[in-house]
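Coordinate analysis (summary)
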Amino acid sequence: MKKIAVILTAFVMALFVVSCGGGDSETPTEPSGNDTPDSNTETPDEDKSDSGSTETPDAAADTDPETDTDTDSNSNGDDTDTEEPVEEEGPCAENPCAEDETCTVDATTEEGYICTCIEGKIRPSETVCGSTQHGKLYQKCENGDWAEKCTCDPGEYPEVCGYYAQKMWFTSKSKVFTIDLAEGWTRTYFHIVQEQEQDKIHIKATYCNIKIDNSMSSVLQVVMPQSFADALGTADKEAVLTKNDDGTFGYKQDIFWEIRGIDPACYGDKPEDYVLPENSNDPCVQDWDNDGLPGITVTAKGTMSGTMGMVEKSSSIIRDGYFEENGVLKAYVDWTDKQKILYTTNQMLKDGSDNQIKDESSKFDGPANFIEQVKIEDGSDCAFIVNNAGTIFSPDPVNLK
């Protein structure tokens, strides 16, 4: 036991000597200022310092842990957590501004904050405006301030604001399966609401009704159910008024693309480049009319009857528009149409219809592809247009069955 006690005593004394810097034969460096004594001989890392002194490494070694501890405390401790609620208790804590404005603390104001509108945001109003009271006032955020505007601002152009009924007529050369249908016609009624910024026209065009016929309807006639037009909904379009040399005004609409029965996310802002899928299981295909069939459903009557679920890619350009003395707008239309049949009860219909525009009709004189747009009372709807089409528009070039 005495031997063990002697060994322990020697071991403790050795630890004491080492902790006091007496573990080496080399004389320790005298402490200077607030530096702590060096606990060991110089390490190779310390020898590589440019000063050759151990004081700088010692100071760095002493300072770094303290700095790290402070930094960790500030970044993870309670101090940072308590800073956030301070801002929440300020005048902008429960945003006192409108939804389309941002709140900024400003001690120079009586309220202690200012509200700034979000660039490009629009606030509608029910107040009417325009020379014929067909417009409505609205505010648009421009350069941080709300600017008062009217949806009906014709300037030096004809006023074309408000509600309109539009008839669009297409004439085509169509072929289904091996049958040449000779000539086909499509008539579409639109409910139009227009806003105007001088020569620029902002349009909301709602599909009201679509009817199709052809010169071989006893063999095949495609029927567009009302659910087809309803599925197309409302399209946002832009048109432009132009000044002619003779003092009259023109109208045109650049190419407008429509991809029907397809998720818009699949083509984004490049509908012209989109290729229609041929498989009903394609993830881009949607059931727009909610009948359980892919795409939008149409039916066929005649010797080639059946049901088809289709997707479609179409385009239209309205050109050379002009206004008659009574204010009715007439213009010519160039169009394209492609379709894919994803489902059918008749395999003879699986390739759909190949439709090509015809510039002239073999059945009637006059323009073969055109629009006719007539002013109607504000607040009118699709039902009004369909029920009164015979008196609103000029007669159809062909009596559709």
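The structure under discussion appears in the preceding block.
Nothing here was measured: the structure is a model prediction, and the numbers come from that model. (Residues numbered from 1 in each chain as written. Predicted model: local features only at pLDDT ≥ 70, side-chain atom pairs only at ≥ 80, totals over all residues. Heavy atoms only, no water.)

If you roll a probe as big as a water molecule over the atoms, it shows you where there is empty space left. Taken as a whole, the largest pocket holds about 430 Å³ of empty space. G135, K136, T151, Q194 and E195 are the residues nearest the centre of the largest pocket, which is lined by 23 residues in total. At the level of secondary structure, the elements contributing two or more residues to the lining of the largest pocket comprise strand 3 (122-129), strand 4 (135-142), strand 7 (162-176) and strand 9 (184-197). Grouping the constituent residues of the lining of the largest pocket by class yields seven nonpolar, ten polar and six charged. (1 Å grid on protein atoms, 1.4 Å probe; cavity = no way out; pocket = protein on both sides within 12 Å on 5 of 7 lines; lining within 4 Å. Points joined across faces, edges and corners; volume = space filled by probe spheres on them. Helix = DSSP H or I, 4+ residues; strand = E, 2+ residues; numbered from the N terminus. Nonpolar A, V, L, I, M, F, W, Y, C, P; charged D, E, K, R; others polar.)

So, about the side chain of S315. The topology assignment puts S315 in strand 15 (residues 306-323). S315 gets classed as buried once you look at its relative accessible area, which sits at 7%. A distance of 2.5 Å separates the side chain of S315 from the side chain of T336, its partner in a polar contact. Those residues in contact with S315, other than ones at most four positions away along the chain, are I255, F256, W257, D334, W335 and T336. (Buried < 20%, exposed > 50% of the residue type's maximum accessible area, 1.4 Å probe, protein only. Polar contact = N/O pair within 3.5 Å; in protein donor to acceptor, adjacent residues only side chain to side chain. Contact = heavy atoms within 4.5 Å.)

This part covers the nonpolar core. With 36 residues, the main nonpolar core has F228 and Y251 as its most contacted residues. Of all the secondary structure elements, the ones that give two or more residues to this core are strand 7, strand 9, strand 10 (200-214), helix 5 (226-232), strand 12 (234-243), strand 14 (296-302), strand 15 and strand 16 (329-344). In this structure, F228 is in contact with I210, R260, I296, T297, V298, M310 and E312, ignoring residues within four places of it in sequence. Counting ten residues, the second largest nonpolar core, distinct from the first, contains A165, Y189, V328 and I376. (Core = buried A, V, L, I, M, F, W, Y, C linked by side-chain atoms within 4.5 Å.)

A full pass over the atoms with the stated rule returns seven disulfides. In this model C92 forms its disulfide with C103; the gap between the sulfur atoms is 1.9 Å. Classification of the bridge connecting C92 and C103 rests on its S-S torsion, roughly -70°, and on that basis the disulfide is left-handed. Here C92, found in the loop between helix 4 (78-88) and strand 1 (101-105), pairs with C103, found in strand 1; they are eleven residues apart in sequence, far enough to count as distant. C103 gets classed as partly exposed once you look at its relative accessible area, which sits at 21%. Through a disulfide, C266 is tied to C284; the S-S separation comes to 2.1 Å. Judged by the sign of its S-S torsion, about -100°, the cystine formed by C266 and C284 is left-handed. (Disulfide = S-S within 2.5 Å.)

Enumeration over the complete set of coordinates arrives at 16 salt bridges. When the shortest N-O distance is used, the salt bridge between E142 and K149 registers 3.3 Å. The class of E142 is partly exposed, set by a relative accessible area of 32%. For K149, a relative accessible area of 23% gives the class partly exposed. (Salt bridge = Lys/Arg side-chain N within 4 Å of Asp/Glu carboxyl O.)

Right, let's talk about the packing of aromatic side chains for a bit. With the rule as written, the count across this model stands at seven aromatic pairs. With a centroid separation of 4.6 Å and an interplanar angle of 55°, the aromatic rings of F190 and Y207 are classed as tilted. Placement of F190 in strand 9 and of Y207 in strand 10 is noted, with a sequence separation of 17 residues between them. Comparing F190 with Y207 shows no difference in burial state: the two are buried. The ring of Y157 has K243 sitting right over it, with the charged end atom 5.1 Å from the ring centre. (Phe/Tyr/Trp six-rings, centres within 6.5 Å; stacked < 30°, edge-to-face > 60°. Lys NZ or Arg CZ within 6 Å of the ring centre and 35° of its normal.)

Looking now at empty space enclosed by the protein. Counted by the stated rule, this structure contains four cavities of 30 Å³ or more. The volume enclosed by the largest cavity comes to roughly 620 Å³. Forming the boundary of the largest cavity are 41 residues, of which T186, I212, E312, D337 and N355 lie nearest the centre. For the lining of the largest cavity, the secondary structure elements donating two or more residues are strand 7, strand 9, strand 10, strand 11 (220-223), strand 13 (249-260), strand 15, strand 16 and strand 17 (353-357). Of the residues that constitute the lining of the largest cavity, the class distribution is 19 nonpolar, 16 polar and six charged.

A separate point is a negative patch on the surface. A cluster of acidic residues, D153, E195, E197 and E238, forms a negative patch at the surface. For D153, the location among the structural elements is in strand 6 (residues 152-153). (Patch = residues over 30% accessible without salt bridge, like charges linked within 9 Å, V, L, I, M, F, W, Y side chains within 5 Å. Areas by Shrake-Rupley, 256 points an atom, 1.4 Å probe, with all protein chains shown as cover. Lys, Arg positive; Asp, Glu negative; His and termini not counted. Charge placed at Lys NZ, Arg CZ, Asp CG, Glu CD.)

The pairing of strand 11 with strand 14 spans four bridges and is classified as antiparallel. Bridging across to strand 14, L220 finds its partner in G302. Looking at chain direction, strand 14 and strand 15 are connected through five bridges and run antiparallel. Bridging across to strand 15, I296 finds its partner in M310. Here strand 14 folds back onto strand 15, and the loop between the two strands holds three residues. (Pairing = 2+ DSSP bridges.)

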